[in-house]
Amino acid sequence: MSRLVYSSDVGRRCPDCGQASTECVCKSANNAAPAGDGIVRIRRETKGRKGKGVSIVSGVLIDANELKNLGKELRQKLSTGGAIKDHEMEFQGDHRQALKTLLESKGYTVKLAGA
């Protein structure tokens, strides 16, 4: 299956939507904040990580660029590693209480989910 990635009349095209890259709507749709109830939830998971626990923050209703900056700031304050996947922030280790305090100081409504 082939798809058009360049056209002499408009230049580069988005491989997902087929529009000109300057008029692409895919990237702006992926950066948009997800809908939710406005409550930030923090949970701990170990599944699929060989027993290593991570703290996962979900429900932050900001766009992808702001989420990336917030994740970087929180990782620096916690002195830990982490990642952003599917509009959720993952932090290595159990940092639920510290994350709750930091996010509440930024004005978010925070709940600890799970046990």
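Above this note sits the structure.
All chains use their own residue numbering, which begins from 1 and follows the written sequence. Whole-chain, interface and lining totals are the exception, using all residues; otherwise, since this is a predicted model, local features are given only for residues with pLDDT of at least 70 and side-chain atom pairs are given and counted only at 80 or more. To obtain the side-chain values, all non-hydrogen atoms of the structure were included, while hydrogens and water were left out.

Visitor: What's the story with the pairing of strand β5 (residues 82-85) in this structure? I'm lost.
Guide: The pairing of β5 with strand β6 (residues 88-92) spans four bridges and is antiparallel. Of the residues in β6, the one forming a bridge with A83 is E90. Here the rule is simple: two strands pair whenever DSSP picks up at least two bridges between them. Numbering of helices and strands starts at the N terminus; helices are DSSP runs of H or I of at least 4 residues and strands are runs of E of at least 2. What sits between the antiparallel neighbours β5 and β6 is a turn of two residues, in which D86 has the positive phi angle 55 degrees.

Visitor: Looking at this structure, how should I read the pairing of strand β3 (residues 39-45)?
Guide: The pairing of β3 with strand β7 (residues 109-112) spans four bridges and is parallel. By the bridge assignment for β7, I42 is matched with L112. Pairing analysis gives five bridges linking β3 to strand β4 (residues 54-58), with the strands arranged antiparallel. Directly across from R43, in β4, lies its bridge partner I56.

Visitor: Looking at this model, I keep getting lost on the pattern of salt bridges. Mind explaining?
Guide: In a structure, side chains of opposite charge can pair up when their charged atoms sit close to one another. Whenever a carboxyl oxygen of Asp or Glu lies within 4 Å of a side-chain nitrogen of Lys or Arg, that contact is scored as a salt bridge. For the structure shown, the criterion picks out ten salt bridges. For the salt bridge of E45 with R43, the shortest nitrogen-to-oxygen distance reads 3.0 Å. Here the term buried applies to any residue with accessible area under 20% of the maximum for its type, exposed to any over 50%, and partly exposed to those in between, with areas from a 1.4 Å probe on protein chains only. The exposure class of R43 is partly exposed, given its relative accessible area of 24%. For R44, the salt bridge goes to D94, with nearest N and O atoms at 3.9 Å. Of this pair, R44 sits in strand β3 while D94 sits in the loop between β6 and α3 (96-105); the two residues are 50 residues apart in sequence, bridging distant segments of the chain. Judged by its relative accessible area of 40%, R44 is partly exposed. Within the structure, one salt-bridge network assembled from shared partners comprises R43, E45, R49, K85, E88 and E90.

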